[in-house]
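Results of the structural survey
Each chain, written out:
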Amino acid sequence: MSELQGKRAFVTGSGAGIGKAIAALFAERGAQVVVSDLNADSAKQSAEEIGAAGVANCDVTDEAQVQTAVQQAVDLLGGLDVLVNNAGIEVSSPLLQQSTESFDKIFAVNVRGTFVTMKAATPHLVASKGNIVNIASIAGIGGSPLLGSYCATKAAVIQLTRVAAVEMRPTGVRVNAVCPGFADTAMVDRLKPDFEAATQIPFGDLVAMKQGRLGTPQDIAEVAAFLASDRAAWITGSHYVLDGGLTASLV
Ligand SMILES: NC(=O)c1ccc[n+]([C@@H]2O[C@H](COP(=O)([O-])OP(=O)(O)OC[C@H]3O[C@@H](n4cnc5c(N)ncnc54)[C@H](O)[C@@H]3O)[C@@H](O)[C@H]2O)c1
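Okay, so let's go over this structure. (Residues numbered from 1 in each chain as written. Predicted model: local features only at pLDDT ≥ 70, side-chain atom pairs only at ≥ 80, totals over all residues.)

1. Side note on the overall build of the protein chain
Looking only at helices and strands, the protein chain features eight helices and seven strands. Taken over C-alpha atoms, the radius of gyration comes to 17 Å for the protein chain, in line with the 18 Å a tight globule of 251 residues would show. Counting only C-alpha atoms and orienting by the principal axes, one finds that the protein chain spans roughly 50 × 40 × 35 Å. The buried share among the 251 residues of the protein chain stands at 49%. Summarising the internal contacts of the protein chain: among those between residues at least 6 apart in sequence, 70% fall at separations of at least 24. (Helix = DSSP H or I, 4+ residues; strand = E, 2+ residues; numbered from the N terminus. Rg over C-alpha atoms; globule rule 2.2 N^0.38 Å. Buried ≥ 20, exposed ≤ 12 C-beta atoms within 10 Å, placed from the backbone. Contact = placed C-beta atoms within 7 Å.)

Set out below in C-alpha cells:
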C-alpha cells in the first residue's frame with residue numbers, strides 16, 4: 001500500500017514508542033519522514049532504522065527549538081504535508097498530591113508543545129493543504145485514577161484539535177486526533193507498578209478485562225496513516241478511539 005506516496009511528514013517524539021511506529025509506517029507507505037525527538041540518540045537510531053529523510057530534533061516545550069526544527073524539516077523535504085504531534089509525557093500521581101511544578105511540566109509538553117508545533121507548521125500546511133494528526137488519549141475522554149493531570153492535558157489536545165480544525169477548514173488544512181487506550185510502550189511500562197498497587201489487580205489482567213489486549217504502536221500508526229492520507233479527505237475535527245472497547249464498556 002502506498003497511501004502516503006509523495007507526502008512529506010514531521011513526527012515529534014518519533015525516537016521511540018508510538019511516534020517511531022508512526023514514522024516507520026508512514027515511510028513504508030511512501031511518505032518522506034523527518035524524525036524529531038528530545039533524545040538525539042534515539043532519534044538518530046530511529047531515522048536510520050526507518051530510512052527517514054532526516055532528523056530535526058526539538059524539545060517541544062521550547063518554542064524557538066520547535067520553530068527551528070519545523071523549518072529544518074521543511075528545508076529537508078521541500079515543504080510539509082503532515083504534522084504528527086506525538087511527543088508526550090505521563091505523570092502518575094493522585095491529582096491533589098501532585099506538585100504544581102510537575103503539573104506545569106506535563107501541560108508544557110502535552111498541551112503547549114502541541115500548540116506551538118501546530119503554530120510553527122501551519123503556514124507550511126496551508127501552502128500544501130496538508131493535515132495534522134494529534135496523539136491524544138482515551139484519558140482525554142474518561143477519568144482515570146493516578147492520571148489526573150495527564151487526563152486534563154489530553155482533553156485539552158482534543159479541544160485544540162476541534163478548534164484548529166474548524167478555524168482552518170477554509171484553508172483546506174485538516175486536523176484530527178487519535179485516542180489510544182493502553183499500548184505496549186515504555187510509557188505504559190512505567191505506569192504498570194502504580195496501577196497494580198492502586199487496583200490490587202495484575203496489570204495484564206486489567207488490560208485483558210478492559211481492552212482484550214494491550215494495543216501495539218502499529219495499531220495506532222495504522223489510524224494515524226489513514227487520517228494523514230487523502231482517503232480521509234472529508235475527516236476533520238474528529239478524534240478516533242482505539243482501545244479494544246474500553247471506553248464502550250460499562251463492566
Ligand atoms: N502508550 C500508551 O498507552 C499511550 C496511550 C495513549 C496515548 N499515548 C500518547 O502517545 C504519545 C507517545 O507515547 P509513547 O507511549 O510512545 O511514549 P514513550 O515515552 O514510549 O515515547 C515518547 C517519546 O517522546 C519523546 N519526548 C518526551 N518529551 C519530549 C519533549 N519535551 N520534546 C520532544 N520529544 C519528547 C521521548 O523522548 C520519547 O521518544 C504520547 O503523546 C502519549 O501521551 C500513549
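2. Points about the site of the ligand
Around the ligand sit 29 residues, and of these Gly 13, Gly 17, Gly 88, Thr 185 and Met 187 come closest. When its residues are assigned to classes, the shell around the ligand shows 14 nonpolar, 13 polar and two charged. (Near = placed C-beta within 6 Å. Nonpolar A, V, L, I, M, F, W, Y, C, P; charged D, E, K, R; others polar.)

3. Brief notes about helix α1 (residues 17-28)
Residues three or four positions apart in an α-helix share a direction because the helix packs 3.6 residues into each turn. When the terminal C-alpha atoms of α1 are compared, their 17 Å separation across twelve residues agrees well with the 16 Å that a helix rising 1.5 Å per residue should span. Taken as a whole, α1 has its buried residues at Gly 17, Ile 18, Gly 19, Lys 20, Ala 21, Ile 22, Ala 23, Ala 24, Leu 25, Phe 26 and Ala 27. Taken from the residues just after α1, Gly 30 is the one with a positive phi, measuring 110°. (Expected span 1.5 Å × (residues − 1).)

4. A word on the environment of Lys 129
Along the chain, Lys 129 turns up in the loop between α4 (100-128) and β5 (131-135). By C-beta crowding, Lys 129 is classed as exposed, having 11 other C-beta atoms within 10 Å. Separated by 47 residues in the primary sequence, Lys 129 and Val 82 place their C-alpha atoms 9.4 Å from one another. Apart from residues lying up to four places away in sequence, Lys 129 is in contact with Gly 172 and Val 173.

5. Quick look at the packing of helix α3 (residues 63-77) against α4
Close contact between α3 and α4 brings their axes to 9 Å; oriented N to C, the two are set at 35°. In this structure, α3 crosses over α4, and the sense of that crossing is right-handed. On α4, the residues touching Glu 63, Val 66, Gln 67, Val 70 and Val 74 of α3 are Val 116, Thr 117, Ala 120, Ala 121 and His 124. (Axes fitted to C-alpha atoms, helices over the stretch in contact; angles between N-to-C directions. Left-handed = near helix turned anticlockwise from the far one by under 90°.)

6. Observations concerning the packing of α1 against helix α8 (residues 217-228)
For any two helices packed against each other, the geometry is given by the interaxial angle and the distance between the axes. The interhelical angle for the contact between α1 and α8, taken along N-to-C directions, is 50°, at an axis separation of 8 Å. Compared by their axis directions, α1 and α8 come out oblique. Helix-helix and strand crossings are classified by hand; for α1 and α8 the assignment is right-handed. On α8, the residues that touch Gly 17, Ile 18, Ala 21, Ile 22, Leu 25 and Phe 26 of α1 are Pro 217, Gln 218, Ile 220, Ala 221, Glu 222, Ala 224 and Ala 225. Tallied by class, residues from the contact of α1 with α8 come to ten nonpolar, two polar and one charged. (Parallel < 35°, antiparallel > 145°, perpendicular 65-115°, else oblique.)

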